[in-house]
Amino acid sequence: QVQLVESGGGLVQPGGSLRLSCVASGFSFSAKIMRWYRQAPGKERELVASITGSGGTTDYADAVKGRFTISRDNAKATLYLQMNSLKPEDTAVYYCKVRYVAYWGQGTQVTVSS
C-alpha cells in the first residue's frame, strides 16, 4: 500500500531556506507524477508543485515560482522540495502526494517567522 513520509520542516526566518523530503513506498515511484501541496491555517489545501515520473517536466504555483524547486531521486524513491527566499505566507503544513491516489501522509510543518 502507498506510504509517504514527509520530513524537513521547521522554523526559519524570512529569507531563509528549507529542503523538504518525501520518502515513498508501496508503489512504482518512478512511474508516477508526484506533487507537493500545502495547507495554511484556516485555508484550503493548495497545489504547490508537480513533477513527472522522469523528472523532466515540472510545474509551480505562481506564488512559489522562482523560489521553490521540486525534484526527485527515483533510485531512492524520494521526492524533494527546495524552498528558498521563504516568506511568512509560506507557513503551512506541506504534504507530498501521488497524482490520482487518494492518500495523504502526515505532512511536515513549515513556519516562517522572525
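Up top you'll find the structure we're talking about.
What this report covers is the structure whose coordinates are included nearby.

## Observations regarding the overall build of the protein
A tally of helices and strands in the protein yields zero helices and 10 strands. Helices and strands in the protein line up, N terminus first, as β-β-β-β-β-β-β-β-β-β. Along the longest, intermediate and shortest principal axes, the C-alpha atoms of the protein span 40 × 25 × 20 Å. Buried positions account for 44% of the 114 residues belonging to the protein.

## Focus on the sheet that holds strand β3 (residues 18-25)
The strand order β1-β3-β8-β7 describes an open sheet built from four strands, whose pairing is antiparallel. Edge positions in the open sheet fall to β1 (3-7) and β7 (68-73), since each of these has one partner strand only. Ignoring which end each strand starts from, the neighbouring axes of this sheet average 15° apart.

## Let's talk about the state of the cysteines
In this structure the tally under the stated criterion is one disulfide. Each sulfur of the disulfide joining Cys22 and Cys96 lies 1.9 Å from the other. Between Cys22 and Cys96, the disulfide has an S-S torsion of 55° and is therefore right-handed. Separated by 74 residues along the polypeptide, Cys22 in strand β3 and Cys96 in strand β9 (residues 92-98) bring together distant segments of the chain. The exposure classification of Cys22 matches that of Cys96, with both residues buried.

## What about the pattern of salt bridges?
Tallying each qualifying case throughout the model produces four salt bridges. Residues Glu46 and Arg38 are paired through a salt bridge, measuring 2.6 Å at the closest nitrogen-oxygen approach. In this structure, Asp90 and Arg38 form a salt bridge, with 2.9 Å as the shortest nitrogen-oxygen distance. Taken together, the residues span a long stretch of sequence, with Asp90 in the loop between β8 (78-83) and β9 and Arg38 in strand β4 (residues 34-39) at a distance of 52 residues. Here Asp90 and Arg38 have matching classes, each one buried. Within this structure, Arg38, Glu46, Arg67 and Asp90 form a network of salt bridges that share partners.

## Observations regarding the sheet that holds β4
Spatial ordering of the open sheet is given by β2-β10-β9-β4-β5-β6, a layout of six strands whose pairing is mixed. At either end of the open sheet lies a strand with only one pairing partner, and these are β2 (10-12) and β6 (58-60). Taking each pair of neighbouring strands and ignoring which way they run, the sheet shows an average axis angle of 25°. Here β9 pairs with strand β10 (residues 108-112) via three bridges, running antiparallel. Looking at the pairing, Val93 lines up with Gln109 of β10.

Criteria and thresholds
- Residues numbered from 1 in each chain as written.
- Predicted model: local features only at pLDDT ≥ 70, side-chain atom pairs only at ≥ 80, totals over all residues.
- Heavy atoms only, no water.
- Helix = DSSP H or I, 4+ residues; strand = E, 2+ residues; numbered from the N terminus.
- Buried < 20%, exposed > 50% of the residue type's maximum accessible area, 1.4 Å probe, protein only.
- Pairing = 2+ DSSP bridges.
- Axes fitted to C-alpha atoms, helices over the stretch in contact; angles between N-to-C directions.
- Disulfide = S-S within 2.5 Å.
- Salt bridge = Lys/Arg side-chain N within 4 Å of Asp/Glu carboxyl O.

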